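# Coordinate analysis (summary)
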Amino acid sequence: MLTRDDSFIRKGSHMEQRHKLGLSDRPRRSNARQFLSEPTSELEKVEVEKAKQDDGLSDLSDILTELKGMAIDMGTEIEGQTKDLGHAEKDFDELNYRVKGANTRTRRLLGR
């Protein structure tokens, strides 16, 4: 029997899984590391570059975390659809069997 699984609706266990995987929403950090004046020494310039790299890596980490969540969501959706296709395959097999039987009976009736 075909059933509709509303897998597009997020279930409570989904958020629990995200939390266990460390994907729960967290406040975004401000990317604006501002220095009051231009760096004067080489050490300050290096520190400014390190801060820029840290901000870039932090942004990249946030994006990768978001992509990981999307991949988990897609995997969950694919699993549900695969399960539904398995049920549909059983229904198609049954319908095919019934149509073949009806065709056989029709041929017998027409042949008489």
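This structure is a prediction, so every number in the text was calculated from the model and none was measured.

Looking now at the overall build of the protein. Assigned secondary structure in the protein consists of two helices and zero strands. Expressed as a percentage of the 112 residues in the protein, the buried residues total 12%. About 10000 Å² of surface is accessible on the protein, with carbon and sulfur atoms providing 58% of the total.

Under the criterion given, the structure shown has three salt bridges. Residue Glu49 is joined to Lys52 by a salt bridge in which the shortest nitrogen-to-oxygen separation is 3.7 Å. Taken together, the residues span about one helical turn, with Glu49 and Lys52 both in helix α2 (residues 42–111) at a distance of three residues. For Glu49, a relative accessible area of 41% puts it in the partly exposed group. Of the residues examined, Lys52 reaches a relative accessible area of 52% and is grouped as exposed.

Across its 70 residues, α2 extends 99 Å between first and last C-alpha, which sits within 8% of the 104 Å expected from 1.5 Å per residue. The set of residues buried in α2 consists of Val48, Ala51, Asp55, Ser58, Asp62, Gly69, Asp73, Gly80, Ala88 and Asp91.

The subject of this paragraph is the confidence of the model for the protein. Per-residue confidence for the protein gives a mean pLDDT of 80; residues scoring 70 or more make up 67%. With pLDDT under 50 throughout, residues 1–10 is counted as low confidence; its partners more than four residues away or in other chains account for eleven contacts.

Calculation rules
- Residues numbered from 1 in each chain as written.
- Predicted model: local features only at pLDDT ≥ 70, side-chain atom pairs only at ≥ 80, totals over all residues.
- Heavy atoms only, no water.
- Helix = DSSP H or I, 4+ residues; strand = E, 2+ residues; numbered from the N terminus.
- Buried < 20%, exposed > 50% of the residue type's maximum accessible area, 1.4 Å probe, protein only.
- Areas by Shrake-Rupley, 256 points an atom, 1.4 Å probe, with all protein chains shown as cover.
- Salt bridge = Lys/Arg side-chain N within 4 Å of Asp/Glu carboxyl O.
- Expected span 1.5 Å × (residues − 1).
- pLDDT = per-residue confidence, 0-100.
- Contact = heavy atoms within 4.5 Å.

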